[in-house]
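Chain by chain, the residues run as shown.
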Amino acid sequence: MADGDGSAEVGDVRNQWIAAYQLNRLHAQLPEQGEGRRVFARMVFFALDGAEKAGYPKRNADAVRFNLRGLLIEELPPDGDPLWDPDALGADVLAALPLSLQRAQTWSTDWTTRPRIEILALRTCKNLLGSMRAIADRMTAEPLRTQVDQWLELWPRLP
C-alpha cells in the first residue's frame, strides 16, 4: 500500500508494465513464433508506453523499442508496415538521439573526463544506435543513410 503520496502504487504499476514488456519481448524474439512476433512486439510497445507513463525512463524504453524493431526488420520479411521499415527506424533513432553528431564526436574524444550527465548522454546515443548496426545496409533514403553511417562510425568510441 502507498504511504499516502501514491508513490508505492506508481512503482507497482511501473513494475507491472515492465514485467508485461519483458514477457512479450521474450516471445517476440523467438523465431518459432513466425509472423506472430510482430504481434508480441506491438504488445511490448504498448507495455513500454504504460511503463513510461508510470515513470520508466524514455531513453530505456526507446532502446528496447528500437532494438526489437531492428531485430524483426533483420529476421522477418518486409510487410509494408512503416514500423518495420529500416528507413523509418533510422529516422526514429536519429530523432531520439540527445546530442548532435558534432557534439558527440567532440565529447567522445575525452569522455572519461566528462561530467556524468554528458557521459550518460553519450551512452544513450550508443544504446539507441545499437539497433542500426545490423540493418543500416538495408536503408535506402538519403541523406538519412549517410547520417546513420556517420553515427555508426562513431559508435565504437562511445562509452
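Residues numbered from 1 in each chain as written. Predicted model: local features only at pLDDT ≥ 70, side-chain atom pairs only at ≥ 80, totals over all residues. Heavy atoms only, no water.

1. As for helix α5 (residues 101-108)
Stage number 1. Along α5, the residues classified as buried are Leu101, Ala104, Trp107 and Ser108. The buried side chains of α5 occupy one side of the element, clustering within an arc of 135° when seen end-on.
Stage number 2. Where α5 is buried, its residues touch α6 (116-129) and α7 (144-154). (Buried < 20%, exposed > 50% of the residue type's maximum accessible area, 1.4 Å probe, protein only. Helix = DSSP H or I, 4+ residues; strand = E, 2+ residues; numbered from the N terminus. Arc of directions from axis to C-beta. Contact = heavy atoms within 4.5 Å.)

2. Considerations on the side chain of asparagine 24
Stage number 1. Relative to the assigned elements, asparagine 24 resides in helix α1 (residues 7-28).
Stage number 2. For asparagine 24, a relative accessible area of 14% gives the class buried.
Stage number 3. Among residues more than four places away in sequence, those in contact with asparagine 24 are Phe40, Met43 and Val44.

3. Comments concerning the side chain of aspartate 87
Stage number 1. Inspection of the secondary structure assignment puts aspartate 87 in helix α4 (residues 86-96).
Stage number 2. In this structure, aspartate 87 is buried with no salt-bridge partner, the nearest side chain bearing the opposite charge being arginine 145 at 7.5 Å.
Stage number 3. With residues up to four places along the chain from it excluded, the contact list for aspartate 87 reads Met139, Thr140, Ala141 and Leu144. (Lys, Arg positive; Asp, Glu negative; His and termini not counted. Salt bridge = Lys/Arg side-chain N within 4 Å of Asp/Glu carboxyl O.)

4. What about the packing of helix α2 (residues 36-53) against helix α3 (residues 58-75)?
Stage number 1. α3 packs onto α2 with a crossing angle of 170° between their chain directions and a minimal axis gap of 10 Å. Between α2 and α3, the crossing angle belongs to the class labelled roughly antiparallel. Across the interface between the two elements, Arg37, Arg38, Ala41, Val44, Phe45, Leu48, Asp49 and Glu52 from α2 touch Lys58, Ala61, Val64, Arg65, Leu68, Arg69, Leu71, Leu72 and Glu75 from α3.
Stage number 2. Here the contact of α2 with α3 is built from residues that sort into nine nonpolar, no polar and eight charged. (Axes fitted to C-alpha atoms, helices over the stretch in contact; angles between N-to-C directions. Parallel < 35°, antiparallel > 145°, perpendicular 65-115°, else oblique. Nonpolar A, V, L, I, M, F, W, Y, C, P; charged D, E, K, R; others polar.)

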